[in-house]
Each structure stands twice: as C-alpha cells, then as structure tokens.
Amino acid sequence: MQEKDQQSADEQLASVDDENLSAFENARMMEARARREAELAERARQAEENEAAYQAREEYAKELYDERLDLMRLKQGVITESDKVFPAQAPPKEYTVFEKIGNWLYHSKWWLGIAVFCVAVGGFLVYDYVTRVEADVNLLLISNDYEIYGKSAVLSDMMQQDLADYNGDDRSVASVVFVPVSKSTMETGNYSTSYNTQLLVQMQSDMCMLVIGDNESDSYIEAEKVYAEIESRYPQYDFIDNDRILLKDTYFQEWLGTESELREGAYLALRLPTAGMSSQEEMQKAYDEALPVLESLMEQLATKPEGTDTTSGGE
C-alpha cells in the first residue's frame, strides 16, 4: 500500500515538472519570437532608408546629367535657354510706401533709438540752458532753520531791491542756497557727507558771499577767518557786532513773516574775499557785488515794515 502511494506521488511530481518545463519553454519561445520580429523590423527600416538614399542619389545624378547636357546644348547653340541651368526666378516683390517705411524702421531701430535718446538729452540741455535764470547775487543759508528757507522768495525779493544786473542778462535776480549746518545734519543722517561737501565747496568758491548762520553752524567753520568786519564801517546801526548783523535785534522776522524763534545767535554776515577754489580776482569781484546788497538789506532790517504792530527790532 505504501509503495502505491509513493508511486502516485512520484507521478504527480513528474506531471508538475512537465508543466513547469512547458511554461518555461513557451516563455523562452515567445521572447525569441519577439526578438526576431524586432530584428526583422529594424532590417526593413534600414532597407527602406538605404533605398531612399539610393533613390535620392540617383535623382541627384540624373539632375546633374540633365544640367550638363543642357549646358553642352547651350554652348553648341542647339537650345537658347534652359530651366535646369538657369532656373526661372520669381519677380521681385513690390512693396508699398508703408511697407518700405516699416521695413526701414525695423532694420534701423537700434541706432534710431540711440539717435532719439541723444536728441532728447540734447534738447533738454538746450532748453535748460535757454530757460535757466542765473542769479546775480546768492545768499548762503547755513542756519538749520527751515522756516527761513521756506521764506526764500521773500528774502530774495528783499535782496533784489535796487540790485544791479551783474551778469548782463537784462534781469536782476537774487537767490538763496540752503545748506543746513548743525550737529544732526553734519554728523548723522544719510546726507551728512553731502552737506559737508556742499559747505566746503561754498566756502571755497565765490558763489555766495552773503551768509546767514548761527552759533551752531559756527562750529563747522572758522568764523573769525571767514567774515569781514563791518561794525566800524557802519556805525549808524546798533545791531552789528563786529563781523555780523544780529538778526534778533532787527526787523528780520517781521519782513519774512516767520513766527518761530530764530536759532540762537542767528546772524547775517559778509564773507572775506579770500582765494580758494575761486581766484582772488573772482572772490573780490563777488565781494564788491555783494556789498551793495548787504547795505540794502541793513536799511530794510532797520526799518519796521508797514502793516506790522510789533515793537521789536531797532534802528
């Protein structure tokens, strides 16, 4: 009985092995068939490419032969023209006026843009030069007083009283140049370097000979070496202290219409004609032109403007 069971088990194992072997063989045959089909497809593709290349070479060779044949016939006079040797060319396209302009603009846009930019810049410079008003006399405001600066137009009008036309442009113009000088502007802030440079340039040039400053601004200039002594020259005014006009003792605020107190030690002064960035001759000329303006300002500051009720100031 055991022998029969063993025989039956062996037969079952053999059957399973046959089935596994058959499945493996089928898979191998399918894989081989797929490779064969791919190989045949690649050969067919290469054959088509070779045939196409051969046909192209044949066609090109035929065209060369026909061209040479026509060329020989042309030389021999057998034919008078040949489309193969001299193929017909399409007639040139006729462009409209707008198409020609558009084509020119398209091809010229790079240098045309540069030309437009140059013309625009040149036009601006010419316009600025023609319309620019050059002042005959300038006053440098170094006191960090924005209220005074806000009254620049009034101060300029005061300076223009009887002002001569020094630059010969048939206009008498005075202006105020503002360089706020204080510890906050000269030592801190984003513009401290710019203010220091502007102050140095102004004190070395002949642009502004009249100066309005105060005690704090004096810390950044050598006041005793910068300003001209005027007290002995104008003894009739009691608001002059050596080289400066003390604005708190004048009708300065009444003339300008300011309300806040002036900064401590606010004054008006005249710079000495000392050579620096400008020559001695240029500085002297600017000094001589500023002196009459200073005298006119003193006359006005000593007189209470009409329509004011204040009793401050003095003659």
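Right above here is the structure, for reference.
Residues numbered from 1 in each chain as written. Predicted model: local features only at pLDDT ≥ 70, side-chain atom pairs only at ≥ 80, totals over all residues. Heavy atoms only, no water.

**Some points on the packing of aromatic side chains**
- Summed over the entire model, instances satisfying the criterion amount to 5 aromatic pairs.
- A centroid spacing of 6.4 Å and a plane angle of 50° characterise the contact between Y191 and Y195, whose relative ring orientation is tilted.
- By relative accessible area, Y191 is classed as exposed at 56%.
- Aromatic side chains Y237 and F239 sit 5.1 Å apart centroid to centroid with 20° between the ring planes, which places their arrangement in the stacked category.
- In this structure Y237 comes out as buried when scored by relative accessible area, which is 13%. (Phe/Tyr/Trp six-rings, centres within 6.5 Å; stacked < 30°, edge-to-face > 60°. Buried < 20%, exposed > 50% of the residue type's maximum accessible area, 1.4 Å probe, protein only.)

**Some points on the pattern of salt bridges**
- Within this structure, the stated rule accounts for 12 salt bridges.
- Look at the salt bridges and you will find they share partners, linking E42, R45 and E49 into a network. (Salt bridge = Lys/Arg side-chain N within 4 Å of Asp/Glu carboxyl O.)

**Thoughts on a nonpolar patch on the surface**
- A cluster of nonpolar side chains, contributed by V97, F98, I101, W104, L105, W110, W111 and I114, occupies part of the molecular surface with about 930 Å² of accessible area.
- Take F98: it is sitting in helix α2 (residues 97-131). (Patch = residues over 30% accessible without salt bridge, like charges linked within 9 Å, V, L, I, M, F, W, Y side chains within 5 Å. Areas by Shrake-Rupley, 256 points an atom, 1.4 Å probe, with all protein chains shown as cover. Helix = DSSP H or I, 4+ residues; strand = E, 2+ residues; numbered from the N terminus.)

**Thoughts on helix α4 (residues 152-159)**
- All buried positions along α4 are accounted for by S152, L155, S156, M158 and M159. The buried residues of α4 occupy one face: seen down the axis, they fall within an arc of 155°.
- Buried residues in α4 make contact with β1 (137-143), α3 (146-150), β2 (174-181), β3 (208-213), α9 (252-256) and α10 (280-301). (Arc of directions from axis to C-beta. Contact = heavy atoms within 4.5 Å.)

**Observations regarding unusual backbone geometry**
- Notably, D170 is not glycine yet its phi reads approximately 65°, a positive angle.
- Turning to its location among the elements, D170 is positioned in the loop between α4 and β2.

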